[in-house]
Amino acid sequence: MHEGHIMQKLTNYLPWLKPVIKLVKGENPTEQIKIILAKVGTPLLGLVIFLIIWAGAASAIDTSLGKFPGPGEVRTQFLNLLDESKAEKEKEIAFYERQQKRNEAKLAKDPNAKVKIRPYTGNPTFFDQIGTSLVTVLSGFILASLIAIPIGIIIGLSPGLYAAFNPIIQLFKPVSPLAWLPLVTMVVSAVYVTKDPMFSKSYLTSMITVLLCCLWPTMINTAVGVASISKDLINVSKVLRLSWLTNIYKIVIPSSLPMMFTGLRLSLGIAWMVLIAAEMLAQNPGLGKFVWDEFQNGSSNSLGRIMVAVLVIGAIGFLLDRGMLTLQRVLSWDKTADIR
Amino acid sequence: MTHTVPHLELTGVSIDFPTPNGPFRALNKVNLKIEEGEFISLIGHSGCGKSTVLNIVAGLYKATEGGVLLDGKEVDEPGPERAVVFQNHSLLPWLTAYENVELAVKQVFKGQKTKPEMKEWIEHNLNLVHMDHAMDKRPDEISGGMKQRVGIARALAMEPKILLMDEPFGALDALTRAHLQDSLMEITSSLGNTVIMITHDVDEAVLLSDRIVMMTNGPAATIGEILEVNLERPRNRVELSDDSEYNHYRHAVLQFLYEKQRNPDDKTEASKTDKEEMSEEASMASEKLTDNKPEAA
């Protein structure tokens, strides 16, 4: 019974799991296979058709760096990138092993000898770069949300503040990250001056640019969500004489949660798009820089490698959105909301 | 009759709503005294300001002139001693029935009841409205009648001095409404609550009330007549439906509503004067403010 309850919860949050679980349980298998095929088959067919068109179109495009990469070339380059990263990891392990041996030998000779431990300074692999990008985008997005949600709640509560803030939000919302970037770069290099920097400047520049671009959807959606709380619920809160803070976290936040999540999802999507551009120009060692370096490199493999990056960027963006969706399903009370 | 201080007293209550054409007087000089334990119905055509009276007693609106005294103290803000049951239940959709009542109980009895006492009190009130079987259900999982029951439980759990009900059964089907009316009679007779209830339903008013307050049409609506209903309690709807006294009361209310105060919506377009048009506009504005759903387009 308890297990059933967990399953129920799980399939509420991840509805696509339902037929799979039923199939595993052996519940009417032919029916479940049909459902899975209907759910998976059609998208799969779409993907196959896309690959065929892509391969056809790619072979017809000639560039100064050779033919436009088709699916086959992209696959080869992806495997290359995997190999390179494996080789790089092996090098790194070897480096630390050598260092440790040298240090041990030194200490054996003279127990008081000063031992230096140097970090490995090899090239970041493609997968390291994905990691950097994720860290940058998530830190920018979380920081932006921490700023945008409280401001959104406060301006949503007061029609006056809302009217005052709205033009500012509308003014900054459409600004391209490329316009912010030079300003952010200059400000970061002027303000962030320390001897022992915790973060690299390129990271800060990209992160702050992401932050500036993804503040607005969360802020405006939170404000609208808060402003449109049902009058009845506000009256309930008044009759109960809830304090300001209790009112916020018992009434205001729960009832505006669905709108807040719409904003957060928009913001995360924007954050990811902005990040690639910001990294390209700020030279933050992430996916954006990878694309830029490959472009500057201009080898016959470059276009294929860029195409790998394009697909990875798309896939990660998709996963981030699904992640937010799942989080929304877990946190929001409004399970009936049409979530896509 | 010796004059004690009434439980609730409305004195010269008038209210103006701002409109683009200047202030609109929705209520004019409403005077009403209510004794403890009385069940009062407010009846009148839509837009006559019934909800406005209730909202002023609740403290959600401030009277422009006059005021409300509850046990000799002026009402100037909303509070749990004047609990409101809203027309569309207004339960928090993200909380279960139990948690909805709990929110009220925690707020009202903070520091007065211990945790187990609170739990018992919440369950007791849900029992009163026969909702103990669905305590852990959320509003979207229960029917309209059940939601309204939970709404009533939440209001009762505040131990209000006076219970304000804004068309509590208006959105329910006839059978469910009858059930809830019976439940309400049962509860008020055992607890002795003072109740003000707004209704559109003549039968409901006669069946439940000690007095029926009939309001004139707006603008500047006020109390037209007050009808005392001296039917013996407990009242039985089936027996009463064949009772001449009951039908006499019914007749009196119907006469007031349909002969003395004709529904403003019945007027033909042609006979509309400018003044009436303006007042209609303003009453629409006031309806927006009271958040009433207008019955007639």
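Cut-offs and rules
Residues numbered from 1 in each chain as written. Chains lettered and ligands numbered in written order. Predicted model: local features only at pLDDT ≥ 70, side-chain atom pairs only at ≥ 80, totals over all residues. Helix = DSSP H or I, 4+ residues; strand = E, 2+ residues; numbered from the N terminus. Buried ≥ 20, exposed ≤ 12 C-beta atoms within 10 Å, placed from the backbone. Contact = placed C-beta atoms within 7 Å. Domains from an automatic or database assignment. pLDDT = per-residue confidence, 0-100. Axes fitted to C-alpha atoms, helices over the stretch in contact; angles between N-to-C directions. Parallel < 35°, antiparallel > 145°, perpendicular 65-115°, else oblique. Left-handed = near helix turned anticlockwise from the far one by under 90°. Pairing = 2+ DSSP bridges. Nonpolar A, V, L, I, M, F, W, Y, C, P; charged D, E, K, R; others polar. Core = buried A, V, L, I, M, F, W, Y, C linked by C-beta atoms within 7 Å.

Tell me about the overall build of chain B, residues and numbers included.
Across its full length, chain B holds 9 helices and 10 strands. In chain B, buried positions account for 42% of the 297 residues. Taking as baseline every contact in chain B between residues at least 6 positions apart, the subset at least 24 positions apart corresponds to 73%.

Tell me about the domain arrangement of chain A, and please be specific about residues and values.
Here chain A is described as being made up of domain 1 (2–60) and domain 2 (126–331). On a C-alpha basis, the centroid separation for the pair domain 1 of chain A and domain 2 of chain A is 31 Å.

Tell me about the confidence of the model for chain A, residues and numbers included.
On average, residues of chain A score 88 in pLDDT, and 97% of them are at 70 or above. Element-level pLDDT for chain A is lowest in helix H1 (residues 2–13) of chain A, with a mean of 72, against a maximum mean of 95 in helix H5 (residues 126–157) of chain A.

So what's going on with the packing of helix H2 (residues 97–108) of chain B against helix H4 (residues 144–157) of chain B? Which residues, and what values?
Residue and element names in this part refer to chain B. Packing of H2 against H4 brings their axes to within 8 Å, and their N-to-C directions diverge by 25°. Taken together, the axes of H2 and H4 lie roughly parallel to each other. When you trace H2 past H4, the crossing you get is right-handed. Counting all contacts with H2, which are made through Ala97, Asn100, Val101, Ala104 and Val105, the residues of H4 involved are Val150, Ala153, Arg154 and Ala157.

So, the sheet that holds strand S7 (residues 162–166) of chain B: which residues are in play, and what are the values?
Through backbone hydrogen bonds, the strands of a sheet pair up, either in parallel or in antiparallel fashion. Residues and elements named next belong to chain B. Strand order in the open sheet formed by 6 strands is S6-S7-S8-S3-S9-S10, and the pairing between neighbours is mixed. Edge positions in the sheet fall to strand S6 (82–85) and strand S10 (223–228), since each has one partner strand and no second. Mean inter-strand twist for the sheet, computed between neighbouring axes without regard to direction, equals 20°.

For the interface of chain B and chain A, give the residues involved together with the corresponding values.
It is common to report an interface's size as the accessible area lost on association of the parts. In this complex, chain B contributes 18 residues to the contact, which on the side of chain A involves 14 residues. Within the residue set of the side of chain B that touches chain A, elements represented by two or more residues are S6 and H2 of chain B. If you tally residues by element for the side of chain B that touches chain A, the top one is H2 of chain B, at 3 residues. For the side of chain B that touches chain A, the residue count by class is 12 nonpolar, 4 polar and 2 charged.

Could you give an account of the nonpolar core, naming the residues involved and the relevant values?
Core analysis: the biggest nonpolar cluster contains 136 residues, and Val210, Cys214 and Ala271 of chain A together with Val101, Leu164 and Val253 of chain B have the highest contact counts within it. Looking at this core element by element, the count peaks at 17 residues for helix H10 (residues 244–282) of chain A. Among all residues touching Val210 of chain A, those that are not within four sequence positions of it are Thr136, Val137, Gly140, Phe141, Ala271, Val274, Leu275 and Ala278 of chain A.

Describe the environment of Gly72 of chain A, with residues and values.
Of note, Gly72 of chain A is situated in helix H4 (residues 71–109). On a C-alpha basis, the gap between Gly72 of chain A and Leu51 of chain A in space is 9.8 Å, while along the polypeptide they are 21 residues apart.

Outline the packing of H5 of chain A against helix H11 (residues 287–297) of chain A, listing residues and values.
All names here are of chain A. Taken N-terminus to C-terminus, the directions of H5 and H11 make an angle of 135°; their axes are 7 Å apart at the nearest point. Judged by the angle between their axes, H5 and H11 are oblique. Contact with H5, carried on its side by Phe126, Gln129, Ile130 and Ser133, involves Leu287, Lys289 and Phe290 of H11 and no other residues of that element. Residue classes in the contact of H5 with H11 are distributed as 4 nonpolar, 2 polar and 1 charged.

Residue-level account of the pairing of strand S3 (residues 39–43) of chain B, with values.
Residue and element names in this part refer to chain B. Among the 5 residues that make up S3, 5 are buried, leaving the element largely enclosed by the rest of the structure. Neither face of S3 is exposed, since Phe39, Ser41 and Ile43 on one face and Ile40 and Leu42 on the opposite face are all buried. Pairing of S3 with strand S8 (residues 194–199) involves 5 bridges; the strand directions are parallel. Within S8, the position partnered with Phe39 by the bridge is Val195. Across 4 bridges, the pairing between S3 and strand S9 (residues 211–215) is parallel. When the bridges of S9 are listed, Ser41 appears paired with Ile212.

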